[in-house]
Protein chains: 2
Amino acid sequence: MNYKQRAKELVAQMTVEEKISQMTNGTAEIERLGIPRYNWWNEGLHGVGRAGTATVFPQAIGLAAAFDRELMFRVATAISDEFRAKYNQFVKHGDLGEMYKGITVWSPNINIFRDPRWGRGHETYGEDTYLTSRLAVDFVKGLQGDDPNHNKTDATLKHYAVHSGPEKGRNTFDSVTNKKDLYETYTYSFEYAIRHSRPAAVMAAYNAVNGVECVRSEYMIDQLLRGEFGFEGYYLSDCGAVCDLFEPRKVAADKGEASAMAVNAGCDLCCGNAYYNLIYAYDKGQIKEDKITESCERLMEARLRLGMGQKTVYDDIPCSVLCSKEHLDLSRDAAVKSAVLLKNNGILPLNKDGITVSVCGPNADDVSVLCGNYNGTPSRDVTMLEGIQDYIGEENVYYSEGCKLFKPGEERLSEALINALHSDVVVTCVGLAPQIEGEAGDAYNSDAGGDKTTLALPAVQQNLLEKLYESEVPVIIVNISGSAVLLGDHYDKAAAIIQMFYPGEKGGDALASILFGDCSPSGKLPVTFYAGDDQLPDFHSYSMDGRTYKYLGGKPTFPFGYGLNYGDVNIDNVSYETLPYSINLDVTLSNNSSIGTHDVLQVYARRLSDCGTGSPYFKLCGFKKIYIPANDRVTTNIVGEEIFAYYNKDGKQETLPGKYEIFVGTSQPDDRSFELTGKRCYCIELNRT
Amino acid sequence: MNYKQRAKELVAQMTVEEKISQMTNGTAEIERLGIPRYNWWNEGLHGVGRAGTATVFPQAIGLAAAFDRELMFRVATAISDEFRAKYNQFVKHGDLGEMYKGITVWSPNINIFRDPRWGRGHETYGEDTYLTSRLAVDFVKGLQGDDPNHNKTDATLKHYAVHSGPEKGRNTFDSVTNKKDLYETYTYSFEYAIRHSRPAAVMAAYNAVNGVECVRSEYMIDQLLRGEFGFEGYYLSDCGAVCDLFEPRKVAADKGEASAMAVNAGCDLCCGNAYYNLIYAYDKGQIKEDKITESCERLMEARLRLGMGQKTVYDDIPCSVLCSKEHLDLSRDAAVKSAVLLKNNGILPLNKDGITVSVCGPNADDVSVLCGNYNGTPSRDVTMLEGIQDYIGEENVYYSEGCKLFKPGEERLSEALINALHSDVVVTCVGLAPQIEGEAGDAYNSDAGGDKTTLALPAVQQNLLEKLYESEVPVIIVNISGSAVLLGDHYDKAAAIIQMFYPGEKGGDALASILFGDCSPSGKLPVTFYAGDDQLPDFHSYSMDGRTYKYLGGKPTFPFGYGLNYGDVNIDNVSYETLPYSINLDVTLSNNSSIGTHDVLQVYARRLSDCGTGSPYFKLCGFKKIYIPANDRVTTNIVGEEIFAYYNKDGKQETLPGKYEIFVGTSQPDDRSFELTGKRCYCIELNRT
C-alpha cells in the first residue's frame, strides 16, 4: 500500500486548523474523513506501561544485561501482542482519546548511559553503543511486527540526542559535544537502528546540542536524522519541550513562535499543548502551510500504517495474551538471564534441603524495585522474599526489613541480626529504587532531581551489611538497582553478590531459581561498576574522556561485560577469517563442570597505536548468548563487526593501517576481569597494511 | 511473690529524681538497684505491632466480628508468645530502651464504637458493650498468660474513657456525657474487664470527661477506676496528653504543673516528655514525694511481675514462634471466621472448575487493607487478588485496579469492564483503607483528621460498581473496611456481598477459601451498617440517643449481629431456666444443608415497658460460636447474662418488674434481620413480678 500517497490525499482534504489538530498527542476526530480521535502517547519500555495490568518484564537495563538478541525480540513481541490486545478492546469499547490507550509506543530509550549518576539510565541499554544498537534493532522489530502491510505498534527511538542528564534543569540544558563523540557515542545507535529496523518515530531530547534545542535543530533533524541517517518516519517532541523554547529558554517570544520553530525544523508531533498555538503563528506568517502539511502527512501515513479504519492481521489478538502463562514465563526467564553473578565463593547454588534462610534488606519485599519505571501493573508480582518463601517454604525463612532504603534509623538492625544468627545464610537485598533514581519529578526521593550524587549505597544499608558480616553467617548480597553502585567494600566480605536490574514482576522467582541452582545466572554488566566516585568526570561534561569501559583509564570494581555463572566455561579454540571491516570467527567453548549454563561470548577489538587516546581501549564488536551443557563443548560462529572502523575527530569512520588486537572470551579483556574470572580472553593480533 | 512489698523496698532506695526517671515511657537504668533501661511503649492490637516482622492477625474490629471468645484467646496467646520471643532476643542482644522492644502492650482498645465516622473505630470491638467486654477479657488473659508468678506481657485497657472521636481536636475535646451513658456504655467494658481479667494497666484518653481531662481526673481515676471498679494496676497517659494540660488546654501554667496534676490524680506513667518537668513541680511544692513514690511503686511492681532480672517460664519461648505455621494458620482461620456474608443470591460458593474470574477494585491488591493500623510487618501477606490467583491459578484470573481508592479518574474503568466481559464472575474489592480512616496524623488522606465525613463509599468506587453492573456479569462485592459503609444501593445489584474488616496478612487466602466453598463464612457485624448518613446524630454528641442497634429507631441496611453462611441453620428447640439476673438456655440448632458451617448463637433481651426510651430496644446478653455439621443438629448451652439488669439515669443497675422478652437466634431480633435471613428468632416472654 502506498501510505505516503494516501496520507497526501487525506491531508489535502483538511483545513489548516484540522491539520494542526492532528499534530498534538491528543488529537481531534475528523468524522468527515473517517479519522477517529486518537492519543499518540503510550509507553512500553519493558511491557505495556501505564495502561493497567500487563506483564512487567525486566527494566531495559536488565534486558540489556541479558546480552541476548533473541530474548529481546521475544520480549518485544510479547509486549506488542499485549499492546494490540488492549487496543483491540479499547477500540471495541470506544475508550480512545486518552493517554496510554493507543499503539504508538514511546520506547525504546537508546541513550548511552554516559554517567552512572544519571537517574534515567535504567531505561537504557547501558553504556555501550554496539550492545545498545543491536538490542534496539530487535526491540523495534518486535514492537513493529513483520506484517508487510501494517505496523503492529510504532516504536520510537528516544531521546534524540546527546541526552543523559542532568535531570534537574533538563529544560534549559545544553549538551556540548564534539563531532567524534557525537557520531561515535551519541548518535551511533540512532543511525544503526534506523538503518536496520526502520522505527516509525524518533523523539527529540529536552536538551539543546551545542546551543540548539533538539526540537528545532535543523542540523540534528534535517541534516543528520533525515539526511545522513535516512530516517523516514515522524519526529516528535518530548513532553513540554516545545513550550520550553518560550519558557524557560526564551528563544521564542511565545508558544506560537516556539511551535513554528519546531514545525519548521521538522518536528511533526508535539507532546504537550504548544501546538494549540500554531494557528496564531500561521496567522502571523511565522510558518507556511506546506510545512504544516508535510508534518501532518507524516503523521497520517503512520496512522494508516497502523491500520486506522482498516482491518489488520493484529485485530484478533485476544486479551487472553495479557499476562498469559507464556508471557509471565518469559518475564521470569528474562529476569534469570539478566541477573549478573558478581561474586561466588562457592556458596552458590544453595542446597535447599533443611536450609533456613534469613532474608533482609529494604529491597527484599518491595514491589517497586521489581518494576523500575514506565511500568505496567503486574498481574502477580513476586518479591525477592516471596520468591524464596515459595521455593523453600515460608516456615524456613526469617524476614526482617533490616533498614529503610535510605532513611536513617537502627530499629530493625537487631531483628536482622537475630534472624541471621538463627539461619544458615542471610540473603540481603540492598540497592537503589525508582524513588531515588529516575526521571525528574518521578524519583521523588532523589537528592538531585532524579539523579544520584554518589554511587555509594545509602549509609543505612552499608551499616546493615557491616552488622551482618559481624554475625559470621554467610552473607549473600542481592543488589537491586538500575545503575552501578559501589560494591568494592563488600567484595571480600560477602560470600556472594548477585546484581539484579529491576528484574520485573517475577524477580523473586528468578532469584530463588538462581540461589538454589535451578538456573545458572548468565547476565553480564551493561555498565561499568566503578571503584569510586572519584573515577567519574564532571557529571555535566559530555566529553567521553575517562567515561565507560572504552575510555576509563583506571580499574573499576567490575568491568562492563563481566558476569559469572555456575559452569566452568573456557574458550578452547578460535579460528577466524578477516573481512574488510569485520572478522568472522568460529569459537569452541567447553564447560568443565556438572552444571549446564548460558554464557555470553564477547568479541572486543582495539587499535594499538592510539587506544586510550584517539580510539577506545577496547570496544565491543560482537556478542552471542549461548548454552553450554554440563561437561560438554560447543562450537559457534560469531562475527566481530566494524572491527577496523574507528571514528576520527570529525566524526567520520576510518580504517588506519597498523596493529589491531581482537579478543574473544566470556568477559571483557581487562586485567580486573581476568583476576575476577580466572580466565583469559583468546587474543588475535592482526597487522593491517 | 509479694511484688507490692518488693516494689516498696526497691523504690525506698531511690532518690526522688530516680523515681521520676522511671515514670516516663523511656526510662533510665539504675544500675545500683539492678534496674535496666526500659521503654514501656509497645503495641499489640492484632499482633506484635511496630517491632518488625510478626504475624498480622485481623484488625480488632474483625476479631470482634468473629464473635468467638475461644478464638480471641488463642489469638492473644499467639501474640504474647511472639512478644516474648522477640523480647527474649532483644534482651540477649542488649537492644532495649527504644520503643517497641518491651512487653508492656498498649492494647486492647475497648472504646465503644459510638459513631461509625470515628477513624479509630477499627481498633475496637465494635458498638456493643457485651461483645466488647467479653472479648476484652479473653484478649487480656491471652496477653498476660496464666503463670501465677509472672505476667507474660502486660495488657492495657484504653482509652479510658468516653473516647470515640473526633480525632481532629482530640487534644482539646471534652466528652460530655450523662451518668447513664457513662456507666452503661462508656465505662462498662473497663469495669467488666478489670473484674474478670485483672489487666495490668489502663490508659487515659486524650479527652476530658465533663470538663476534666482523663489524665488528671480524680473522679475518673480514683473514684471510679480504682474505687468502684477495683483497678489495682498502673495508669498511664496517652502520648502527649499530660503536656496537653499546659498547651493547648491551658489548665496548667507549665509542663511541671501539668505533670503534678496528673501524678497527684494517680497517673503513674507518662507517654511523652512531660514528666521530665516533674522535678521542677516537686521543687515548687506542687507535688509531694509520697505521690511520686506511690506511682513509682506501682510501676516497679509491674516490672517485677514481668520478671525484671528474674527467670520466668516465658524466657525460653524461641523466635521460631514468630510467624510460625501455627500462627499464620491461626491468622488465616481468624480471617475466615471474621468475614461477614451480607448477601448471597446463591452464586456462592463458586465452583472452581474451569472458572475465569475477574478481580478488580482498589482494595484487590493492596497490602495496607490487610493490615489495618498498629500492625506489624507481615512475613508473607496475601492480597485478595493473590489469594484468588493461588486458588484457581494465575492464568484464570484477570486483574484490573478499576479505580483508585478515592482519587477521581476513569483510566481503568474500561479495563475492568473488558475483563469482566471475559469472565464468569467479577470480584470487586472496594471499601476504605487505613489511609482514609484511622488515627489523627496517621490516616493522612482522611478528610477529617482520620475520621470520615460520610459513610458513603468513595464516588469513584460507586462509579466502578455501576459500570460493572451494566456488564450483566455477576458482581461479587468484597467490601474491606474497618467500619460501616453504605451498601444499600448495591444490595439488589450485587450477586453477593462479603464484608471483611482489614483481615490480616492472610486475608486473600481467607477470601478464596470462602469464595470457593472450602470454608463457610461465619462472622457477624459488630457494628450497625446504617442506611444513610441521615440516620446518624451529631458526631460530637456523646449521647447514645439514636446510636447503635440499642437505640437506633430506624431500620439499618444491615443490623448489628447480622451475617449469613453457606449452611441452613435454624433454631429447633429452646428450653430455659431463669435465674435472678440471667437465664440459662439449652438450644438445639439444625443445619438443613449439605454444607457444614460455623454460626453464632445470639441472645438478646429487652424490657418491654421502656425499650427505646429508657432502656435499649435490644441488648446482647450472650453469644456463642458453634459448628453445626451438614444435615445435622447440635444442642448447646448458653447463658443470657445480666438479662434483667438495666441502667437508670444515675448509672445504677436496677431490675424492675414487668414484661421482658428474650430472643434466641443467629441474628439480631430485628425485622430487617428476619427479612434478610428469612429466619425468626425464638422469643421467650417473661413476666417479672
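The present account deals with the structure reproduced in this document. Predicted model, so just to flag it, every value in this text is computed and none were measured. Per chain, residues are indexed from 1 in the order of the written sequence. Starting at A for chains and at 1 for ligands, labels are handed out in the order in which the entities are written. Restriction of local features to residues with pLDDT of at least 70 applies here, the model being predicted, together with a cutoff of 80 or more for giving and counting side-chain atom pairs; totals for whole chains, interfaces and linings are based on all residues. Only heavy atoms go into the side-chain values, all of them from the structure, while hydrogens and water stay out.

### Concerning the interface of chain B and chain A
In what follows, residue pairs with any heavy atoms lying within 4.5 Å of each other are defined as contacts. Chain B puts 36 residues into the contact, and the matching count from chain A is 36 residues. Summed over both partners, the accessible area (1.4 Å probe) lost when two parts come together is defined as the buried area. Between chain B and chain A the total buried area reaches about 3000 Å² when both faces are included, carbon and sulfur atoms providing 46% of it. Three residues, Arg380, Glu394 and Ile418 of chain B, lead the burial of chain B against chain A; their summed loss comes to 20% of the area buried on that side. Any carboxyl oxygen of Asp or Glu within 4 Å of a side-chain nitrogen of Lys or Arg constitutes a salt bridge here. The salt bridge involving Glu386 of chain A is made with Arg380 of chain B; its shortest N-O contact spans 3.8 Å. Pairs of N or O atoms within 3.5 Å make up the polar contacts considered here, provided that, within protein, one atom can donate a hydrogen while the other can accept it, and that residues adjacent in sequence are counted only when both atoms are side-chain atoms. Taken together, the connections running from chain B to chain A amount to 22 residue pairs in polar contact (both at pLDDT 80 or more). Working definition: helices are DSSP H or I runs of at least four residues, strands are E runs of at least two. Numbering for both runs from the N terminus. At the level of secondary structure, the elements contributing two or more residues to the side of chain B that touches chain A comprise helix H4 (69-92), helix H15 (384-392), strand E11 (397-400) and helix H16 (413-421) of chain B.

### Considering the sheet that holds strand E23 (residues 682-688) of chain B
All names here are of chain B. Note on pairing: DSSP must find at least two bridges between two strands before they are called paired. Strands sit in the order E18-E17-E22-E23 across an open sheet of four strands; the sheet is antiparallel. Sheet topology places strand E18 (619-628) and E23 at the edges, where each strand pairs with a single neighbour. Neighbour-to-neighbour, the strand axes of this sheet turn through a mean angle of 15°, independent of strand direction. A fitted line through C-alpha atoms serves as each axis, taken over the contacting stretch for helices, and the angle formed by two N-to-C directions is quoted from 0 to 180°.

### Topic: the packing of aromatic side chains
Residue and element names in this part refer to chain A. Pairs were defined over the aromatic rings of Phe, Tyr and Trp, the Trp ring being its six-membered one, requiring ring centres within 6.5 Å. Orientation was assigned from the angle between planes: stacked under 30 degrees, edge-to-face over 60, tilted for the rest. Across all of its chains, the model carries 46 aromatic pairs over all chains by this definition. Between Tyr549 and Tyr604 the ring centres are 6.0 Å apart and the planes differ by 85°, which places this aromatic pair in the edge-to-face class. Of the two residues, Tyr549 sits in helix H20 (residues 548-551) while Tyr604 sits in strand E17 (residues 597-607), which places them 55 residues apart along the sequence. Each of the two residues, Tyr549 as well as Tyr604, counts as buried. Burial classes follow relative accessibility: with a 1.4 Å probe on protein chains only, a residue under 20% of its type's maximum area counts as buried, one over 50% as exposed, and anything between as partly exposed.

### Re the relation of the copies chain B and chain A
Once chain B is rotated about the relating axis by 180° and shifted along it by 0.0 Å, it coincides with chain A to within an RMSD of 0.0 Å. In symmetry terms, the pair is related by a two-fold rotation axis. Superposition of the copies was done by least squares, using only C-alpha atoms of residues whose pLDDT is at least 70 in both.

### Observations concerning unusual backbone geometry
With glycine set apart, most residues show a phi of negative sign, and most peptide bonds adopt trans. Here the bond from Ser107 of chain A into Pro108 of chain A is cis, since omega is 5°, no more than 30 degrees from zero. Residue placement: Pro108 of chain A occurs in the loop between helix H4 (69-92) and helix H5 (129-144). Residue Pro248 of chain B follows Glu247 of chain B across a cis peptide bond; omega there is 5°. Position of Pro248 of chain B relative to the elements: it lies in the loop between helix H9 (241-246) and helix H10 (255-265). A positive phi angle, near 40°, is found at Tyr502 of chain A, a position not held by glycine. Residue placement: Tyr502 of chain A occurs in the loop between strand E14 (496-500) and helix H19 (507-515). Even without being glycine, Val162 of chain B reaches a positive phi, approximately 60°. Topologically, Val162 of chain B is positioned in the loop between strand E3 (156-160) and strand E4 (174-175). Take Val162 of chain B: its relative accessible area is 0%, and that puts it in the buried class.

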